[in-house]
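# Commentary on secondary and tertiary structure
Here are the chains, one letter per residue:
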6 protein chains.
Amino acid sequence: MVTTRSLEDLDAHSYQEYVATGQGLVLIPTGATEQHGPHMPLGVDAMLSRAISLAAAEDLDALVAPAFCYGYKSQPRSGGGNHRAGTTSLSAQALIAQTKDVVLEFFRHGVRRIAVVNGHFENYQFLYEGLDLAVREARAGGLDDSRALLLSYWDFVDEQTLAVVFPDGFLGWDIEHGGVLETSLMLHLHPEKVDMSRAPDHPPADLAPYDVFPEDPARTPSSGCLSSPAGATAQRGELLLSTVRTGIVRAVTSEFGK
Amino acid sequence: MVTTRSLEDLDAHSYQEYVATGQGLVLIPTGATEQHGPHMPLGVDAMLSRAISLAAAEDLDALVAPAFCYGYKSQPRSGGGNHRAGTTSLSAQALIAQTKDVVLEFFRHGVRRIAVVNGHFENYQFLYEGLDLAVREARAGGLDDSRALLLSYWDFVDEQTLAVVFPDGFLGWDIEHGGVLETSLMLHLHPEKVDMSRAPDHPPADLAPYDVFPEDPARTPSSGCLSSPAGATAQRGELLLSTVRTGIVRAVTSEFGK
Amino acid sequence: MVTTRSLEDLDAHSYQEYVATGQGLVLIPTGATEQHGPHMPLGVDAMLSRAISLAAAEDLDALVAPAFCYGYKSQPRSGGGNHRAGTTSLSAQALIAQTKDVVLEFFRHGVRRIAVVNGHFENYQFLYEGLDLAVREARAGGLDDSRALLLSYWDFVDEQTLAVVFPDGFLGWDIEHGGVLETSLMLHLHPEKVDMSRAPDHPPADLAPYDVFPEDPARTPSSGCLSSPAGATAQRGELLLSTVRTGIVRAVTSEFGK
Amino acid sequence: MVTTRSLEDLDAHSYQEYVATGQGLVLIPTGATEQHGPHMPLGVDAMLSRAISLAAAEDLDALVAPAFCYGYKSQPRSGGGNHRAGTTSLSAQALIAQTKDVVLEFFRHGVRRIAVVNGHFENYQFLYEGLDLAVREARAGGLDDSRALLLSYWDFVDEQTLAVVFPDGFLGWDIEHGGVLETSLMLHLHPEKVDMSRAPDHPPADLAPYDVFPEDPARTPSSGCLSSPAGATAQRGELLLSTVRTGIVRAVTSEFGK
Amino acid sequence: MVTTRSLEDLDAHSYQEYVATGQGLVLIPTGATEQHGPHMPLGVDAMLSRAISLAAAEDLDALVAPAFCYGYKSQPRSGGGNHRAGTTSLSAQALIAQTKDVVLEFFRHGVRRIAVVNGHFENYQFLYEGLDLAVREARAGGLDDSRALLLSYWDFVDEQTLAVVFPDGFLGWDIEHGGVLETSLMLHLHPEKVDMSRAPDHPPADLAPYDVFPEDPARTPSSGCLSSPAGATAQRGELLLSTVRTGIVRAVTSEFGK
Amino acid sequence: MVTTRSLEDLDAHSYQEYVATGQGLVLIPTGATEQHGPHMPLGVDAMLSRAISLAAAEDLDALVAPAFCYGYKSQPRSGGGNHRAGTTSLSAQALIAQTKDVVLEFFRHGVRRIAVVNGHFENYQFLYEGLDLAVREARAGGLDDSRALLLSYWDFVDEQTLAVVFPDGFLGWDIEHGGVLETSLMLHLHPEKVDMSRAPDHPPADLAPYDVFPEDPARTPSSGCLSSPAGATAQRGELLLSTVRTGIVRAVTSEFGK
C-alpha cells in the first residue's frame, strides 16, 4: 500500500510493490514556467496540473509523477507570448523527447496505463507526438498492452460550472491566461502564492486570429494577463477543481477500467 | 510583372525580378493527405489552402509557394485519427524541419514577408515551431527585417458567414472535418472532385475531451467525417471563400503594410 | 476500381478498397523547387516525375502519391547551385525524415510495394537513406514483406533514344539541367509552361570535378541552364517519355511481379 | 526586492525587476527520478540539489529555477543501474536539449550569469554539452557577456568534512549512492521523507571497473544502495550542507564576482 | 616548420605555429569500412584517400587530418551493398554530424581553407551537407573567409590515364568497386595488404539502373567485387596516383591560391 | 584463421569466416584528436587505445575495429579544454550516433560480443549512450544475445602498478593528461612519436571543482599538460601496458566467457 500519491516522495521498493499488482496507473502533470501576471507566480501551470493530478489520483489509486515544470513556448494567443520576461520554455524537440522518454520508462517498469494531465495549452501537440512515439515504440518492442491518455484539465469544465464561475458570460478559453479560471484555482489550492492586490483589471485582450514572427509585444496587455482575474475566488476554484477532478476520474476510468 | 501567382509555374528570372522590388510576399499553403470521407478526395486540405492562397495572392500581389501536401498526424478530435487508410502523415520532426528550411530559403532570396496559410488543423503548432526557428535564425544571421505570419483559414470565417452557412446553428470547428465547411468550399472550387451521392449523413461525432493512444477506431464514424456534409453547397463555398479571402488580405496588409 | 491514378484526387474509401486487394502499388514522385533557366518554371522536376509516374501507373495499376515538391539543395554540378534565386530547398534532415515518414505510412495502410520516382538528381542519396530507414523499421515492426524501389527517371533513357535526342552527341547527364532532356519533356507534357523564345543558347557549362563552399556563382552560366535547350522539341519529349515509361514499368514489374 | 528565492513562486513582474538590475544570477538544480534504496524517496537527487541551491541563493542574492526532476539514465557504477523499478530517466538527447533550451531562455531574459547545480552524477556530461551549446549560441547571437558555471555539489565536500562524516574512512564517491552522504543530507533537510528503519546495512558494493550492456542486475545490491547508510545522521547532513554551501558560494563569487 | 604531414602525428604546439602563418590548409581524407573482395582489406577506401591526401599535402604544404574510417552505407550499385559481412557503415545523420563538427573545429583553430578528399562513393552527398552546414555556421558566426572544397579522387583521373589503365576500354566508375582502379592503387601504395592470388576473375556486374529495399544479395557477385581486378598492377597504380595527385593539387591551388 | 587482429587490414571473406564461428569478439578503440603538450602528438588517445586493444586481442582471439580518431570535446579538468589549437572534437550527437551505428553493424554481421576500449576520458558517457541505444535496438530487433562492454583503459591500472609508476605518490587521474601515464605508454609503444626534449616540467595543474563556459584559458597550463611527464619512461609504459592488458583480458573473459 503506497503511503503517498507523489512518486518523488515514494521509495523504490514500495513503488515496485505497487506496480507488481498489475493495476499501476501513473499520472504525469505537465506545466510551464510562464508569466501569469503580477499577482501569480511563474509556476502556476505545473502547480495546477500537479494539484489536480494528486486529487484525481486519490480516487484512481494512482501515482503522480514529477511534474514537467518547463513547457513549450508561450504563444500570444494563449499565454501572452514567449518574449516576456520570466517565461522559460522548451523547444518542440526537447518537450517531445522528454515526453517520449519518461512515458517509455513507466512502461518499462510494468505500468501499462499512463495519463498525461496537461496544464499549459501550448504543450498539447508536442505531448501528443511524444505519447504517440512512445506507445508505438513500446508496442513494437513487445509491450502490447501499453496504453496512454492525454488531456488538458480545462476541457473537463462543464457548462454548468462555467455558468457559476463566469456569471457575466464566458468569453472563451483563449483569454483565460492569468484570468478567473487559473486565479480561482490558485486561490483555492495555493492562496499564499496569490496576491490579489496586484491583480490587474483591464478588458479582455483583443486577440488576432493569427500569429506573427517575431512576436509583437504590443499585442499582449502589459499585465501579461489576457483577461481580468478580478472575478476569481477560492470558492470558484474549489468548484472548478471538483468538476475537473470528477471529469478526469470518469474519463480515466472509462478508458482504463476501474 | 509576374504572369502567374503560382511559384512553381514561374520561371526563376521573373521570380528574381519580382523579389528585387523589395516588396516580395510569399504565401505558403499547407495541407495534408488525409481521409475526408467517401465523397471527397484525400488532398482536400492542400487543395483548399492553395486555392485560398491563390485568391488572396491576387489582392496582395503575392506569390504562392508549392503547397505542403503532407501534414502532421491526423487526430481523432479534428481529423478522424491517423489510423485510417489513406491518411499519410508526417512526424513532428519532419514537418518542423520542412517548414524551417523552406521559410529560410525565401528569406535568403530576399523575400522579407512570408505568410503560411494552414489548411489542416493538426499542423498549426508544428508550423509555429518551424516559423519561430526560421525567423530567429534569419535574424541571428543578419536578415533583421525578416517577418512571417501564420494563420489557419477557418479562423477568418466570421459570425455573419457562419449564420448563413449553418442556418441550424454552428456546432464548432472540431467536428467540421469532412463536413459542411470543407465540402462547400470544394463544391465551389473543385466540384469535379466531390461526389455528393456518396456523402454520408449521420449525426455529429460525439468527441471525447481527451485523446487515447493507441487510437480507438470506434471513436470515429465509419464514414470518416465528423459531421454530415449534407448542407454543403457551392454557393456557401463561394461565400466562405470570399469571407476568408477578405479576412486574410486584411490581416496580411495590416501586419506587413500594403 | 479506382477512377484516378492520382492519390490526392481519390477518396479514402476507394483507396481502402484498392489496398485491400493486396496488390497495391504506390509511386512517389519527387522533385524540387529549383531554377530551370528563363524558359521553364521552377517546378519542372516535380512536374516531370509526377507525369512520368502517372504514365507508368496506368500500365502498373498503381497509384501516384502527392509529389515531393521541395528537394535537396541544388548543387552547381547538377542543378546550377543553391545560391540562385527561386531555388527553394530542403536540408538533408528534412528530406530524409519526410521520405521515411511517408513510406512508413503507406506500409501501415497495407501497401507492400512502393516505388520512388526521382526527378531531381540531388535527392537520390537522401531518398535512399529515408527508404532504408523506413523499410528496416517496417520489417522490424512485423511488416515482413514490405519492399521498395528507388529510381531516377533519366537512368532509363537508353542509347538508342540518346542517339535520336542528341543527334550531335550526348555530353552527359550532369549538364542536362535546363537542357534538351528536361525541356523536351516539358514541351511534350506541359507546353504551355515553356517559353522557347526565352531559351538561352550558350555552350555547355564547363563543370569542375569538385565542389566549393560557399558556392562560386561564376561557375554557373547566368541563364541557370548548364547546357542549351535549343535542340528541345515536343517530339523528342514524347520519345523520352515513352522510353522512360517502358523502362520503369519493366523494372517495377521485374522486381515486384506483375 | 524579491520575496522568495524560488523562481516558480515568484511573479513575472518582480522577476523582471530583479533581472533589470543587471546583477541577476540564476541557479538551476538538476536531479533525477531514481531509486535510492528502501529508506529514501525516488526524488532525492532533485530535492538535495534544490535545497542546496536555495541555501546558496541566500548568500548570492540569486534565484533558483525549477529543478530538473528527471535525469540521465542511472548507471550501475554510480546509481545502481537503469534497469531498476522506479528509476525514470531521460535519453542524452532529451537532457541536452532541455539544458540548452532553458539556459538560452535565461540569457534571453537578460540574465548573464547562470550556475547549474547538479545532484545526479550521471547528468554531468550531458549538462556540459547543453551548456556548451547554449553559451556558444548566445554569444554567436550577440549576447557576448553570457557566462555559465557547472558543478556537482559533492565536489565541494572537503577532506575535513569527509573525516567527520566518515570516521572509519571514506571509500569513494562512486559507492555513495543511497549511502551516508545522501541520507545524512536528507535527514537534515527532509527528515520526514526518510525511514531509517528500512535502511539496509550491507557491505559496500564491489563495483567492476567497466559497464556491461544490457545491465547485469546481479551487480547491484538488492537494496539498491551501493553502500550502507547506517552512519547517516542529521548532524552530519547539516555539516555537509554547510560545507557545500560555502564552497559553492565561494566558487560562484570567484567566477562571477560578488 | 612542420615535420610531418599527418596531423595525428604532429604536436599541438607545432600545429599552432603552422596555423598562425595564416596559410593553413587541412585535407580531410574520408573512406569506409567496406568489403573489397577476397584480395583486399576492409579499409581500402580510407587507406587510399589518406595516401592520396598525404601525397598532395607535400605539394600544397598542407596537413592531413585523421581519416574518416567509417563511411555511409555501401550501395549495391557502387560498393556491393550494405548487407555484406564486414561492411560497417554510418547513417546519414552520423556522417553529416561528424563532417560538420570536424570542419567547424578546424575553422575555430584559424584554418580557413579545408579540402575533403573522398575515397568512398556513397559518402559524397552527406559530406556535401556537412560541409554546407559547417561553412554556413562558421560564416554566420563571423569567420567570413572560411572556405572548403569537396572532391572524390577518381574524378581527377583523365582520359589519357584511363586509356593506359584500361587498355581494353573503360566500362565506367560504377563497377570499379574492388576492381582495377582500387587494386592498382593498393598494389602501388600498400602491396603487402593485397593478395592477388585471391583476386576474383569474373565478368563485370550487370548493375540495374535502380535500387531495391531491402537489398537483393543476388545482385552482387559473390566475390564482392563489381568487376575483375585482374588487370591491376602497381605500375598502373603509380600512374593513377600521379594523375590524381596532380589534379587535386591543381584544383586546390586554383581555388585557394598558392 | 585470421592473419591480423586489425579489422581494416583484413579482407571481408576472412572476416566472414571468423564471424561464422559464432565466437566473434570485436574491440573498438576510441580516442580523440587532442593537444597533448609539446612533446606528444595530437593522436595519442587513439594510438593508445588501439595499441592496448591489439595487445588484448591477441589473448582474446578478437579483432580490433578502426579506431574512433575524433572524440568528445576536451574539458579543462581532464584534457586541458576544447579551446586549445589542435584539439578537434565531436559534439555529443555525432559521437553517440557514430557509436550506435558502428555497434549495430557488428551485431548485424553476427558478432554478439563487443567491447569498446576508451582512451579519452571525455568520451565515456557518450559511448555509454551509444552502446545503450545500440544494444536496446539490436535486442528489440530480435538479436537477443547481443552484448557489449565499455571500459576506459586506465581503470585497470592497479595500486601495485601505481606505486611503481608514481614512486612519489599518485595525485589522481584527472591531472594525468599529457603526464606520466600517457607519456610512458607512448615511450614504450611509439617512442618515435615522443620528443622528451620538449616535455614541460611544471607543477600539477590546480584544477577547480567545476567548469565554466566559455572556458577560461588561464585555467590550463600553457604547455597543455595537466602535470609534468618528467617521470615517464618506456619501462613504466611497458608495465602499464602489461597491467592494463591483463586486466582487460580478465574482464572481457569474465563477462563473455573464454
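Residues numbered from 1 in each chain as written. Chains lettered and ligands numbered in written order. Predicted model: local features only at pLDDT ≥ 70, side-chain atom pairs only at ≥ 80, totals over all residues. Heavy atoms only, no water.

The criterion, for reference: UniProt positions are given in the numbering used here, feature names are shortened, and annotations may be inferred rather than shown by experiment.
By the naming in an unreviewed UniProt entry, chain A is Creatininase, taken from Kocuria rosea subsp. polaris. The UniProt entry for chain A carries the following comment under Cofactor (unreviewed entry): "Zn(2+)". For chain A, the Sequence similarities (unreviewed entry) comment in UniProt is given as "Belongs to the creatininase superfamily."

## Description of the overall build of chain A
Rules: In this text, helices come from DSSP runs of H or I with a minimum length of four residues, and strands from runs of E with a minimum of two, each type numbered from the N-terminal end. Atoms considered for the radius of gyration are the C-alpha atoms alone. The globule rule reads 2.2 Å times the number of residues to the power 0.38. Note on definitions: a residue-residue contact is assigned when non-hydrogen atoms from the two residues lie within 4.5 Å. In these tables, accessible area is a Shrake-Rupley quantity obtained with a 1.4 Å probe, and a residue counts as shielded only by the protein chains included in the view. Charge convention: Lys and Arg are scored as positive, Asp and Glu as negative, and His as well as the terminal groups of each chain are ignored. Charged side chains are reduced to one point each, which is NZ for Lys, CZ for Arg, CG for Asp and CD for Glu.
Helix and strand counts for chain A come out as seven helices and five strands. Taken from N to C terminus, the helices and strands of chain A fall in the order α-β-α-β-α-β-α-β-α-α-β-α. The C-alpha radius of gyration of chain A comes to 18 Å, within 12% of the 18 Å expected for a compact globule of 258 residues. Across its three principal directions, the C-alpha atoms of chain A cover 55 × 40 × 30 Å. Of the contacts made within chain A by residues no fewer than 6 positions apart, 78% connect residues no fewer than 24 positions apart. Put simply, chain A shows about 8400 Å² of open surface, and 51% of that area lies on carbon and sulfur atoms. When the 19 positive and 33 negative side-chain charges of chain A are each reduced to one mean point, those points stand 4 Å apart.

## A word on the relation of the copies chain A and chain D
Heads up, the condition is: Copies are brought into register by a least-squares superposition over C-alpha atoms of residues with pLDDT of at least 70 in both.
The transform that puts chain A on chain D rotates by 180 degrees and translates by 0.0 Å along the axis, for an RMSD of 0.0 Å. The transformation just described matches what one would write down for a two-fold rotation axis. No C-alpha of chain A lies nearer the rotation axis than that of A:Ala94, which sits 2.7 Å from it. A high fraction, 100%, of the interface residues of chain A reappear at the interface in chain D, so the copies pair face to face through one surface.

## Describing the pattern of salt bridges
Inclusion rule: The term salt bridge refers to a pairing of a side-chain nitrogen on Lys or Arg with a carboxyl oxygen on Asp or Glu at a separation within 4 Å. The buried label goes to any residue with under 20% of its type's maximum accessible area, the exposed label to any with over 50%, and the partly exposed label to all in between, with areas taken from a 1.4 Å probe on protein chains only.
All told, the structure shown has 89 salt bridges over all chains when counted by the stated rule. B:Asp11 serves as the salt-bridge partner of C:Arg198, at 3.1 Å between the closest nitrogen and oxygen. Here C:Arg198 is found in the loop between helix H6 (180–189) and strand E5 (211–213), whereas its partner B:Asp11 is found in the segment before helix H1 (12–20) on a different chain. A relative accessible area of 33% places C:Arg198 in the partly exposed class. Each member of the salt-bridge network shares a partner with another, and the members are A:Lys73, B:Glu129, B:Asp132 and B:Arg136.

## Focus on the interface of chain A and chain B
Interface size is commonly expressed as the accessible surface area that is lost when the partners come together. Stated formally: Accessible area, probed at 1.4 Å, shrinks when two parts are joined; the buried area is that loss added up over both.
Counting from both sides, the interface comprises 40 residues of chain A and, opposite them, 40 residues of chain B. Carbon and sulfur atoms supply 53% of the area that chain A and chain B bury against each other, a total of about 3300 Å² over both sides. If you look at where chain A meets chain B, you find six salt bridges. Two residues, A:Arg77 and B:Asp155, come together in a salt bridge whose shortest N-O distance is 4.0 Å. Sorting the residues of the side of chain A that touches chain B by element identifies helix H3 (92–109), helix H4 (124–140), strand E4 (147–152), strand E5 (211–213) and helix H7 (234–256) of chain A as the ones contributing at least two each.

## Here we look at the pairing of E4(A)
Cut-off, in case you're wondering: Every crossover in which the path from the first strand over the helix to the second runs clockwise, viewed with the strands pointing away from the viewer, is termed right-handed. Note on pairing: DSSP must find at least two bridges between two strands before they are called paired.
Of all six residues in E4(A), five are buried, a share of seventy percent or more. Crossover connection from strand E3 (residues 113–118) of chain A via H4(A) to parallel E4(A): handedness right-handed. In terms of strand pairing, E4(A) meets strand E5 (residues 211–213) of chain B through three bridges, oriented antiparallel. Across the sheet, A:Leu149 pairs through a bridge with B:Val212, a residue of E5(B).

## Topic: the packing of aromatic side chains
Defined as follows: Each aromatic pair joins two rings of Phe, Tyr and Trp (for Trp, the six-membered one) with centres within 6.5 Å, and gets the label stacked for planes under 30 degrees apart, edge-to-face for over 60, and tilted for any other angle.
All told, the structure shown has 45 aromatic pairs over all chains when counted by the stated rule. Geometrically, the ring pair formed by B:Phe68 and C:Tyr70 is edge-to-face, given 5.8 Å between the ring centres and 80 degrees between the ring planes. Of this pair, B:Phe68 sits in the loop between strand E2 (63–64) and helix H3 (92–109) while C:Tyr70 is found in the loop between strand E2 (63–64) and helix H3 (92–109), placing the two residues in two different chains. The exposure class assigned to B:Phe68 is buried, which follows from its relative accessible area of 2%. Using a relative accessible area of 3% as the deciding quantity, one classes C:Tyr70 as buried. An aromatic cluster is built from A:Tyr72, A:Phe126, B:Tyr72 and B:Phe126, whose rings are joined through pairwise contacts.

## What about the packing of H3(A) against helix H3 (residues 92–109) of chain D?
Convention followed: Fitted lines through C-alpha atoms give the axes, limited to the stretch in contact for helices. The angle between two N-to-C directions lies from 0 to 180 degrees. Here the angle decides the label: under 35 degrees means roughly parallel, over 145 means roughly antiparallel, 65 to 115 means roughly perpendicular, and every other value means oblique. Handedness of each helix crossing follows the sense of rotation of the near helix against the far helix: counterclockwise by less than a right angle gives left-handed, clockwise gives right-handed.
Where H3(A) meets H3(D), the closest approach of the two axes is 8 Å, and the angle between their N-to-C directions is 140 degrees. In this view, H3(A) runs oblique relative to H3(D), as classed from their interaxial angle. Crossing angle aside, the handedness with which H3(A) passes H3(D) is left-handed. Across the interface between the two elements, A:Gln93, A:Ala94, A:Ala97, A:Gln98 and A:Asp101 of H3(A) pack against D:Gln93, D:Ala94, D:Ala97, D:Gln98 and D:Asp101 of H3(D).

## Some thoughts on unusual backbone geometry
In this model, A:Phe213 is joined to A:Pro214 through a cis peptide bond whose omega is -5 degrees. Within the element layout of this structure, A:Pro214 appears in the loop between E5 and H7. Positive phi outside glycine occurs at F:Asp61, with the angle close to 50 degrees. Turning to its location among the elements, F:Asp61 is positioned in the loop between helix H2 (44–60) and strand E2 (63–64).

## A word on the relation of the copies chain A and chain B
Once chain A has been moved 0.0 Å along the axis and rotated by 180 degrees, it coincides with chain B to within an RMSD of 0.0 Å. Both copies contact each other with a shared surface, as 100% of the interface residues of chain A are interface residues in chain B too.

## A short note on the sheet that holds E2(B)
Read from one edge to the other, the open sheet built from five strands follows the order E5(A)-E4(B)-E3(B)-E1(B)-E2(B), with strand pairing classed as mixed. A strand with exactly one partner marks an edge of an open sheet, and here the two such strands are E5 of chain A together with E2 of chain B. Pairing of strand E3 (residues 113–118) of chain B with strand E4 (residues 147–152) of chain B involves six bridges; the strand directions are parallel. Across the sheet, the residue bridging to B:Val117 is B:Leu151, located in E4(B). Relative to the sheet, H3(B) contacts strand E1 (25–30), E3 and E4 of chain B, its axis offset from that of E1(B) by approximately 165 degrees.

## Some thoughts on the packing of helix H3 (residues 92–109) of chain E against helix H4 (residues 124–140) of chain E
Helix packing geometry: the angle between the two helix axes and the distance between the axes. Residues and elements named next belong to chain E. Where H3 contacts H4, the two axes come as close as 8 Å, and the packing angle between them is 40 degrees. The angle between H3 and H4 places the two elements in the oblique class. The two elements H3 and H4 meet at a crossing, and its hand is right-handed. Contacts between H3 and H4 involve Ala92, Leu95, Ile96, Thr99, Lys100, Val103, Leu104 and Phe107 from the former and Phe126, Leu127, Glu129, Gly130, Leu131, Leu133, Ala134, Val135, Glu137 and Ala138 from the latter.

## Considering the interface of chain A and chain D
The test is simple: Here the nonpolar group is Ala, Val, Leu, Ile, Met, Phe, Trp, Tyr, Cys and Pro; Asp, Glu, Lys and Arg are the charged ones; every other residue, Gly included, is treated as polar.
The interface of chain A with chain D comprises 48 residues on the first partner and 48 residues on the second. Of the roughly 3700 Å² buried where chain A meets chain D, counting both sides, 56% is carbon and sulfur surface. A per-residue breakdown of the area chain A buries against chain D is headed by A:His13, A:Leu42 and A:Tyr70, which together make up 15% of the total. Joining chain A to chain D, the criterion identifies four salt bridges. No other element matches the ten residues that H3(A) contributes to the side of chain A that touches chain D. Its residues assigned to classes, the side of chain A that touches chain D shows 20 nonpolar, 19 polar and nine charged.

## Looking at the arrangement of the chains
The closest approach of any C-alpha atom in chain D to one in chain E is 6 Å; the two make no contact. Separated throughout, chain B and chain F approach each other most closely at a C-alpha pair spaced 16 Å apart.

## A word on the side chain of B:Asn118
Residue and element names in this part refer to chain B. To keep it simple, the criterion reads: Pairs of N or O atoms are called polar contacts if they sit within 3.5 Å, as long as, within protein, a hydrogen donor faces a hydrogen acceptor (for residues adjacent in sequence, only side-chain-to-side-chain pairs).
As for its position among the elements, Asn118 is in strand E3. Side-chain polar atoms of Asn118 contact the side chain of Asn123, separated by 3.2 Å. Among all residues touching Asn118, those that are not within four sequence positions of it are Thr30, Ser49, Asn123, Tyr124, Leu127, Leu151, Ser152, Tyr153 and Trp154.

## So, the sheet that holds strand E5 (residues 211–213) of chain D
Spatially, the five strands line up as an open sheet ordered E5(D)-E4(F)-E3(F)-E1(F)-E2(F), and their pairing is mixed. Looking along the sheet, the strands with just one partner apiece sit at the ends: E5 of chain D together with E2 of chain F. Across the sheet, H2(F) lies against strand E1 (25–30), E2 and strand E3 (113–118) of chain F, angled at about 160 degrees from E1(F), the strand it touches most.

## Some remarks on the confidence of the model for chain A
Low-pLDDT portions of the prediction should not be read for the details of their coordinates. This is how it is decided: pLDDT measures how confident the predictor is about each residue, on a scale from 0 to 100.
Per-residue confidence for chain A gives a mean pLDDT of 96; residues scoring 70 or more make up 99%. Interface confidence for the predicted complex, expressed as ipTM, amounts to 0.97; the pTM equals 0.98.

## Considering the environment of F:Leu27
Residue and element names in this part refer to chain F. Relative to the helices and strands, Leu27 resides in strand E1. Sequence separation of Leu27 and Asp201 is 174 residues, and the distance between their C-alpha atoms is 35 Å. For Leu27, the contacting residues outside a window of four places in its chain are Ser53, Ala56, Ala57, Ala62, Leu63, Val64, Ala65, Ala115 and Val117.

## A short note on H2(F)
Residue and element names in this part refer to chain F. Worth spelling out the cut-off: A helix's residues, less one, multiplied by 1.5 Å, set its expected span.
For H2, spanning 17 residues, the distance from its first C-alpha to its last is 24 Å, which sits close to the expected 24 Å at 1.5 Å a residue. Across the 17 residues of H2, 13 count as buried, placing the element largely inside the fold. Taken from the residues just after H2, Asp61 is the one with a positive phi, measuring 50 degrees.

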